[in-house]
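Working through the structure, step by step
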Amino acid sequence: MSLFKARDLWSAQCGEDEIFDHTSIITSNLGSRCDKVIVGSHSGYLRVFQPSFVRLEEDKTIGYKPTDLLIETHLPQPILQISVGKLVSGSQTEHLSVLHPRSVAVYSLVTRAGATEHGDQSRLVLAYEHQLRRSAFCMVLGPFGGVNGRDFLCVQSLDGALSFFEQESFAFVRFLPEFLLPGPMVFLPHTDSFITVTSNWNAENYRYQVLAEAGGPGDEKSASGRKISAEWSYNIGEAALDVIAVTWSDSYCDILVLGERNLFCLKDNGTLKFMKRLEYKPCCFHPYFIEPDGKLMILVVTDTNTLLVYEHTRLRWSAQLTIAPVAVARGTFEIINSSQQKSSMSGILVLLSEQGELQCCFLGTEPSLFVAPPLEIHAIDYEQAGKELSELQQVVKEYTKRGAVSLASTAAEREVRVTLSVNSQLEPCPFPHNINEEGIEIPMCRVSVELSPHSALSKVQVSIVAQPPLTVSQASHTISSLCERTLIVTYVYMEQNCDVPTLEVRAVTSYLAGAGGFPRVLHNVAQLPLKLVAFFSTPAKEADFKVTLNTNQPVVNLAQLFPEFAGDGALSGASNAAGFQCYGGRGSVVTILAAKSSQRYRLQCDALPPLCLLTSQLVERLNRHFSKQKDFTCSYSSSLPVHELFSEIGTHFLFREKARKIQEELGQRAAQFRVIQRRLLAKFKDKTPTPLTNLDNLLKDTYQQILVSADEMEEIQQALSRSRCQLSCIVRLILLMVKLMNATAEEDYSDLRAALTSDVYDTEEQGWEEVTEAALSHLLRTSLAKASKPQRPAPITLEPMKDVARLKKHVSSALDRVSKGSRKLERKDNVSESAKAVKSVSPIPEDAEGVHDDVPVGSRYGERTVSANPRGRSAARMRARRAAAQTREMPDSLNPSPGADEERAPPPDRRVGLIEGPSEVSASGDDDIW
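Definitions and limits used
- Residues numbered from 1 in each chain as written.
- Predicted model: local features only at pLDDT ≥ 70, side-chain atom pairs only at ≥ 80, totals over all residues.
- Heavy atoms only, no water.
- Helix = DSSP H or I, 4+ residues; strand = E, 2+ residues; numbered from the N terminus.
- Pairing = 2+ DSSP bridges.
- Buried < 20%, exposed > 50% of the residue type's maximum accessible area, 1.4 Å probe, protein only.
- Contact = heavy atoms within 4.5 Å.
- Phe/Tyr/Trp six-rings, centres within 6.5 Å; stacked < 30°, edge-to-face > 60°.
- Lys NZ or Arg CZ within 6 Å of the ring centre and 35° of its normal.
- Core = buried A, V, L, I, M, F, W, Y, C linked by side-chain atoms within 4.5 Å.
- Patch = residues over 30% accessible without salt bridge, like charges linked within 9 Å, V, L, I, M, F, W, Y side chains within 5 Å.
- Areas by Shrake-Rupley, 256 points an atom, 1.4 Å probe, with all protein chains shown as cover.
- Salt bridge = Lys/Arg side-chain N within 4 Å of Asp/Glu carboxyl O.
- Lys, Arg positive; Asp, Glu negative; His and termini not counted.
- Charge placed at Lys NZ, Arg CZ, Asp CG, Glu CD.
- Expected span 1.5 Å × (residues − 1).
- pLDDT = per-residue confidence, 0-100.
- Polar contact = N/O pair within 3.5 Å; in protein donor to acceptor, adjacent residues only side chain to side chain.

Among all residues save glycine, negative phi is the norm, and among peptide bonds the norm is trans. Looking along the chain, the bond that leaves Pro468 and enters Pro469 is cis, with omega of 10 degrees. Unusually for a residue other than glycine, Asn305 sits at a positive phi of about 60 degrees. Position of Asn305 among the secondary structure elements: in the loop between β25 (295–302) and β26 (306–311).

Turning next to the sheet that holds strand β45 (residues 634–635). Spatial strand order, β40-β42-β43-β44-β41-β45: six strands in an open sheet with antiparallel pairing. Because the sheet does not close on itself, it has two edges, and the strands there are β40 (534–537) and β45. Note: strand β41 (residues 545–551) against strand β44 (residues 600–605), six bridges, orientation antiparallel. In the strand pairing of β44, Thr548 is matched with Arg602.

Once that is clear, we can look at the pairing of strand β21 (residues 252–259). Among the eight residues that make up β21, seven are buried, leaving the element largely enclosed by the rest of the structure. Examined bridge by bridge, strand β20 (residues 240–249) and β21 share eight bridges and lie antiparallel to one another. Within β21, the position partnered with Val243 by the bridge is Val257. Bridge count between β21 and strand β22 (residues 262–267): five bridges; the pairing is antiparallel. Looking across to β22, one finds that Asp254 is bridged to Lys267. Between β21 and β22, which pair antiparallel one after the other, the connecting turn spans two residues.

Within the element layout of this structure, Arg150 appears in the loop between β12 (136–142) and β13 (152–157). Sequence separation of Arg150 and Glu166 is 16 residues, and the distance between their C-alpha atoms is 9.2 Å. Contacts of Arg150, omitting those with residues within four sequence positions, involve Lys86, Pro143 and Gln167.

We now examine the packing of aromatic side chains. In the structure shown here, the tally under the stated rule is 18 aromatic pairs. Seen from their ring centres, Phe144 and Phe152 are 6.4 Å apart, and the 70 degrees between their planes marks the pair as edge-to-face. No difference in accessibility class separates Phe144 from Phe152, as the two residues are buried. Linked through ring pairs, Phe144, Phe152, Phe164, Phe172, Phe187, Phe194 and Tyr208 together constitute an aromatic cluster. A cation sits over an aromatic face here: Arg330 above Tyr288, 3.8 Å from the ring centre.

Moving on: the nonpolar core. Core analysis: the biggest nonpolar cluster contains 100 residues, and Leu470 and Val533 have the highest contact counts within it. Ranked by the residues each element gives to this core, the list is headed by helix α7 (residues 695–740), at 11 residues. The contacts of Val533, once residues within four sequence positions are left out, are Leu470, Met494, Val500, Leu503, Gln581, Cys582, Tyr583 and Leu613. Ranked by size, the runner-up nonpolar core spans 18 residues in total, among them Ile25, Ala327, Val350 and Cys360.

Once that is clear, we can look at a positive patch on the surface. There is a patch of like positive charges on the surface, built from Arg261, Arg277, Lys281 and Lys459. Mapped onto the elements, Arg277 comes out in strand β23 (residues 272–277).

Oppositely charged side chains may form a pair once their charged atoms are brought near each other. If you walk through the whole model with that rule in mind, you get 16 salt bridges. With a closest N to O distance of 2.5 Å, Glu450 and Arg485 form a salt bridge. Of the two residues, Glu450 is situated in strand β33 (residues 443–453) and Arg485 in the loop between β36 (476–482) and β37 (486–494); the sequence distance between them amounts to 35 residues. Glu620 is the salt-bridge partner of Arg624, the closest N and O atoms lying 3.2 Å from each other. Taken together, the residues span about one helical turn, with Arg624 and Glu620 both in helix α5 (residues 610–625) at a distance of four residues. We classify Glu620 as partly exposed; its relative accessible area is 31%.

Burial analysis of strand β17 (residues 193–197) places five of its five residues in the buried class, which makes it a mostly covered element. Alternating positions in β17 separate into two faces, Ser193, Ile195 and Val197 on one and Phe194 and Thr196 on the other, with burial throughout. Where strand β16 (residues 185–188) folds back on β17, the antiparallel hairpin that results is connected by four residues, among which Asp192 adopts a positive phi of roughly 50 degrees. One ladder, built from five bridges, connects β17 with strand β18 (residues 202–207); its direction is antiparallel. Counted as the bridge partner of Thr196 is Glu204 from β18. The turn joining β17 and β18, which pair antiparallel and follow one another in sequence, is formed by four residues; a positive phi near 65 degrees is taken by Trp201.

Over its 14 residues, helix α9 (residues 768–781) runs 20 Å from end to end, which matches the ideal 20 Å to within 8%, given 1.5 Å per residue. Taking burial as the measure, the 14 residues of α9 include 11 buried ones, the bulk of the element. Along α9, the residues classified as buried are Trp768, Glu769, Glu770, Thr772, Glu773, Ala774, Leu776, Ser777, Leu779, Leu780 and Arg781.

This part takes up the side chain of Asn202. With respect to the secondary-structure elements, Asn202 resides in strand β18. Setting aside residues up to four positions removed in sequence, Asn202 forms contacts with Thr196, Val197, Ser233, Tyr234 and Asn235.

Next up on the list: the confidence of the model for the protein. Of the residues in the protein, 77% reach a pLDDT of 70 or more, and the chain-wide mean stands at 77. In this model residues 217–225 is a low-confidence stretch, pLDDT under 50, and it forms 16 contacts with partners more than four residues away in sequence or in other chains. Predicted confidence is poor over residues 822–928, with pLDDT under 50, and the contacts of this stretch with residues over four places away or in other chains come to 170 contacts.

What follows deals with the side chain of Glu450. One polar contact links Glu450 to Arg485, side chain to side chain, over a distance of 2.5 Å. In contact with Glu450, not counting residues within four places along its chain, are Arg417, Val418, Thr419, Arg485, Thr486 and Leu487.

Attention now moves to a negative patch on the surface. A cluster of acidic side chains, namely Asp711, Glu712, Glu714 and Glu715, defines a negative patch on the protein surface. Within the secondary structure layout, Glu714 lies in helix α7.

Mapped onto the fold, Glu495 is located in the loop between β37 and β38 (504–513). Judged by its relative accessible area of 42%, Glu495 falls in the partly exposed class. Separated by 23 residues in sequence, Glu495 and Val472 have C-alpha atoms that sit 9.1 Å apart.

So this is what it looks like as structure tokens:
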């Protein structure tokens, strides 16, 4: 940041939505007394300005006037470069040369003086035009071959061809040797040679005489045997942004090369004169000589909008610019004082930005400083300051407890409005895997993100995130410049046949705002329709897993809770049972039953993971239905499915270990394959043939083994992906049950949800198990630590896990301590009898724990109906056998006591009923409760 700022004299805007670069501007008088500014855009617009400044007072001037724009014309092709020279035969006046991608044209500027109050009229007249056979990159003008009084044209194409035009006639074409990519080019009149920077970062010099005497197009040798070769070459070691030759006298010339991090000055014989290391990123530069001293001055513009003035390598001045220029030049313009006397002012800087902001300024010496106002010193009231500090600390403490940390700042919301909308009307999925294993076509949902900016934003990136197995057709969208309302549309569909843990879709919008480019992030969340992942099915009468939800409001008809399925014909208004089958649930039907004589709902399924989505959907829809009832509660009062969680953790960890072993085996076989290839290659290169010693058979067998390992790796990755979804569903279901127990403190539940995360992601270094084990260890040592147990300050490391026994122990301890702490709060506050009946975390089924007074009504009713139902008796006997086996193997509580590290975790394949109730659920109404 510079202390001084450039003083603005004159400024104009060159069109809208046009792009300019460092070759789009040139200053020349075109035969008049003062310079004109000629600007050409990539959109094909050519403008000629003649700035003039009217000084009203000592420090006040009038800037741009409509009469300053002489010509504005639209050419049929983009303008790559503009130059001025004596390009018409028989004329010593300067003409304008314009380079297009496939042509180069020469124009004459004709000005006709106006009569009376009418101003002068200017127009461009085409003198001639040359069509190019190759796409042009840049052009060079000069008196090639030492001619006097006229200039020739040289156009460099993208493939390295130099096309020479002697004014109206074509001369010849030559190809540069060892050419790859074009670079900046300049002509030295006193040595009659060309300087260019090649793609190998060499500054090379080619004489015009060598190029002219070489052969025809495509041939580097002439009839006399001469070959095109560089007279000298100098390696600058980096890419060149621009090359400019500055001539002070007929025999003295400096070649300035602006690199990405250095500034080079070469003599005309290829030797280095000096080099300046730049501590910033340059954008453009402009060197010139000051007469008669012959001082070399260099103007360099940085990416921080700072103009630096160097005398050779010494910094003489710096000034802050108001725009970000891509080109800088100097010119002499007319100034009119208050008495209407005209004079010229030389050395005025001309700046052009990429968006077409044209500005004429000079380097003023008046600093622009911010002076802070004087402080009003008052006597400090320490008592009042201490009170205010205590209040602020309390506010910070409450804010930290709530954990309401929002990534979207209020400033970001004022700068852009992001609207995330989900279309409830589903569409057929045209992507692969659009039919699941049951042969049912999977639909897709359209998701729209509307961006309405209040100001111009840059580098806008919108990411739409959905949790697997849901996938997004195009997850990331990038907008370089956002100036108006933009709508982004994408589609969400199921990619794998797995259980869906959540229907939440998020839109993360990041961008750079303001002149300083401050990053902003906005988050928007929406819910996808349930019909995207599930369809209506016949309710199932029997199920292995059941979840019962208790409410304090009358039971709501299922057709009102799930209105989108009412049109299917199966879900009628009088039905108290509904079945839902997920597209990726592998045939498992989730049945939802509404009790007839109580305020309860039951969900049951043959598998545990599908229950997650429907349970969360039912709770959310009940809360929405009773949103006006402030005292509405939905609770869960049974044990947690920790055995299924442990089983799925073991399965997920087993798949990870298999994937790691197969990857190591694949790496060993690939290394063996490369060794065999080298041995075979050595034998094939040997001049004396030798036997292959079965290396070819070994190569073939190794290749087959690599293919087998790759197939196994693909299968295990698919299985691992399905296991991630199942584990995420079970963890989400357990967290929802803990939240619905209504006895868990909000702080404990927030800590547990942060430690036992339901977002399952795996990498090569660490997976979900390592991260969760470390988080639970920290949680058990801090907020969930026992009061009598000392804190262990040992650091937590994320080392690869060898087994999951310790993780299971920590999960059990965390769940048990959360529920135990909540029961203490309930007893202390004298809550109702029903709330005290909340059970601790126990893997033992309710049937095996004996009949207590706090057993739910449905459980007691189920026990009474066992004798009347043979299938119920068999199910009861099976649960009794499971309970007896669990009683022999497991303690009463999953919370490991101090020193009980050797206790064995429950078998991962044991299945436990979540609640006890009727073994056979009737959906036809023959049951008094369901």
